Amino acid sequence: MKAMSPGVIIGVVAALLVVLLVVWFVSAFNRLVRLRNQVRASWAQTDVQLKRRHDLIPNLVETVRGYADHERGTLEAVAQARTAAMAAQGVAGASAAEGALTAALGRVFAVAEAYPQLKADQNFLALQRELSSTEDKIAYARQFYNTAVQSLNNAVESLPTNLVAGATGFRTAEFFEAAGAERGPVQVRF
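Residues numbered from 1 in each chain as written. Predicted model: local features only at pLDDT ≥ 70, side-chain atom pairs only at ≥ 80, totals over all residues. Heavy atoms only, no water.

**Thoughts on the overall build of the chain**
Here is step 1 of the chain: For the chain, the helix and strand inventory stands at six helices and zero strands.
Here is step 2 of the chain: Seen in sequence order, the chain has helices and strands lined up from the N terminus as α-α-α-α-α-α.
Here is step 3 of the chain: Taking 16 Å as the expected radius of gyration for a compact globule of 190 residues, we find that the chain reaches 26 Å, considerably beyond that expectation.
Here is step 4 of the chain: In the chain, which comprises 190 residues, the proportion classed as buried is 35%.
Here is step 5 of the chain: Restricting to contacts in the chain with at least 6 residues of sequence separation, those with at least 24 account for 80%.
Here is step 6 of the chain: A total of about 11,100 Å² of accessible surface is found on the chain, and carbon and sulfur atoms cover 59% of it.
Here is step 7 of the chain: Each charge class in the chain was averaged separately, 19 positive and 16 negative side chains, and the resulting centres sit 11 Å apart. (Helix = DSSP H or I, 4+ residues; strand = E, 2+ residues; numbered from the N terminus. Rg over C-alpha atoms; globule rule 2.2 N^0.38 Å. Buried < 20%, exposed > 50% of the residue type's maximum accessible area, 1.4 Å probe, protein only. Contact = heavy atoms within 4.5 Å. Areas by Shrake-Rupley, 256 points an atom, 1.4 Å probe, with all protein chains shown as cover. Lys, Arg positive; Asp, Glu negative; His and termini not counted. Charge placed at Lys NZ, Arg CZ, Asp CG, Glu CD.)

**Remarks on the packing of helix α1 (residues 6-67) against helix α6 (residues 161-168)**
Here is step 1 of the chain: As a packed pair, α1 and α6 sit with axes 9 Å apart at the nearest point and diverge in direction by 75 degrees. On the basis of the axis angle, α1 is roughly perpendicular to α6. In contact with Trp 24, Phe 25, Ala 28, Phe 29, Arg 31 and Leu 32 of α1, α6 contributes Thr 161, Val 164, Ala 165 and Thr 168.
Here is step 2 of the chain: Per-class residue counts for the contact of α1 with α6 are seven nonpolar, two polar and one charged. (Axes fitted to C-alpha atoms, helices over the stretch in contact; angles between N-to-C directions. Parallel < 35°, antiparallel > 145°, perpendicular 65-115°, else oblique. Nonpolar A, V, L, I, M, F, W, Y, C, P; charged D, E, K, R; others polar.)

**What to know about the nonpolar core**
Side chains of nonpolar character tend, in soluble globular proteins, to be buried together.
Here is step 1 of the chain: Among the nonpolar cores identified, the biggest contains 23 residues, and Leu 60, Val 64, Val 78 and Leu 105 are the most heavily contacted of them.
Here is step 2 of the chain: Mapped by element, the contributors of at least two residues to this core are α1, α2 (72-87), α3 (90-113) and α5 (122-157).
Here is step 3 of the chain: For this core, the element with the highest residue contribution is α3, accounting for eight residues.
Here is step 4 of the chain: Aside from chain neighbours lying at most four places away, what touches Val 78 is Ile 57, Val 61, Leu 101, Ala 104, Leu 105 and Val 108. (Core = buried A, V, L, I, M, F, W, Y, C linked by side-chain atoms within 4.5 Å.)

**Notes on the confidence of the model for the chain**
Detailed reading of the predicted model is not advised wherever pLDDT is low.
Here is step 1 of the chain: Per-residue confidence for the chain gives a mean pLDDT of 89; residues scoring 70 or more make up 93%.
Here is step 2 of the chain: Looking across the chain, the model is least confident in helix α4 (residues 116-120), with a mean pLDDT of 81, and most confident in α6, with 96. (pLDDT = per-residue confidence, 0-100.)

**Here's the deal with the pattern of salt bridges**
Here is step 1 of the chain: If you walk through the whole model with that rule in mind, you get five salt bridges.
Here is step 2 of the chain: Between Arg 52 and Glu 130 there is a salt bridge whose closest N-O contact spans 2.2 Å. Of this pair, Arg 52 sits in helix α1 while Glu 130 is found in helix α5, placing the two residues 78 residues apart along the sequence.
Here is step 3 of the chain: You can call Arg 52 partly exposed: its relative accessible area is 25%.
Here is step 4 of the chain: For Arg 53, the salt bridge identified is with Glu 98, shortest N-O distance 2.5 Å. One end of the pair, Arg 53, is in helix α1; the other, Glu 98, is in helix α3, and 45 residues separate them in sequence. Summarising the burial analysis for this pair, Arg 53 and Glu 98 share the class buried.
Here is step 5 of the chain: If you follow the salt bridges from partner to partner, you end up with Arg 53, Glu 98 and Glu 135 in one network. (Salt bridge = Lys/Arg side-chain N within 4 Å of Asp/Glu carboxyl O.)

This is the structure we're talking about:
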């Protein structure tokens, strides 16, 4: 049996290292793709819940309008905030617009406190329950989205996957942060 020359040994070791490096690169890239897709999917779920919230608002406004028509400014503010929230682009835009919408809804609920017959209306009570349920779903979807963003951002920013991320164009994602009035507890009382 003939011994391998040092050049052949170095070539075999170098080839093994290249193969290992390629396998690691592909594995890291696939992990980044999975994390990015998780962020996209979780944003889609958050968006579904936000649209559900937007769909409930016209019914709420119409119910309140029947009892408190002279509160037109408050109701118009909700309608404008809803329109802005529906048109918001990106996570930061949606965060800001949803914060404004939450504040406007808070003013509607404050108006409702002054109308006992409105607070007893079955349509209003059903809308209240539906909105409360939707707010819970939005909170869960936001939490799920932010967890997915955190996982992606950790992978994009930490060694050694940041090398793959930089070479293949992966970037960090934005968190869906509560703005202003949303930082406190939501007051849905009638």
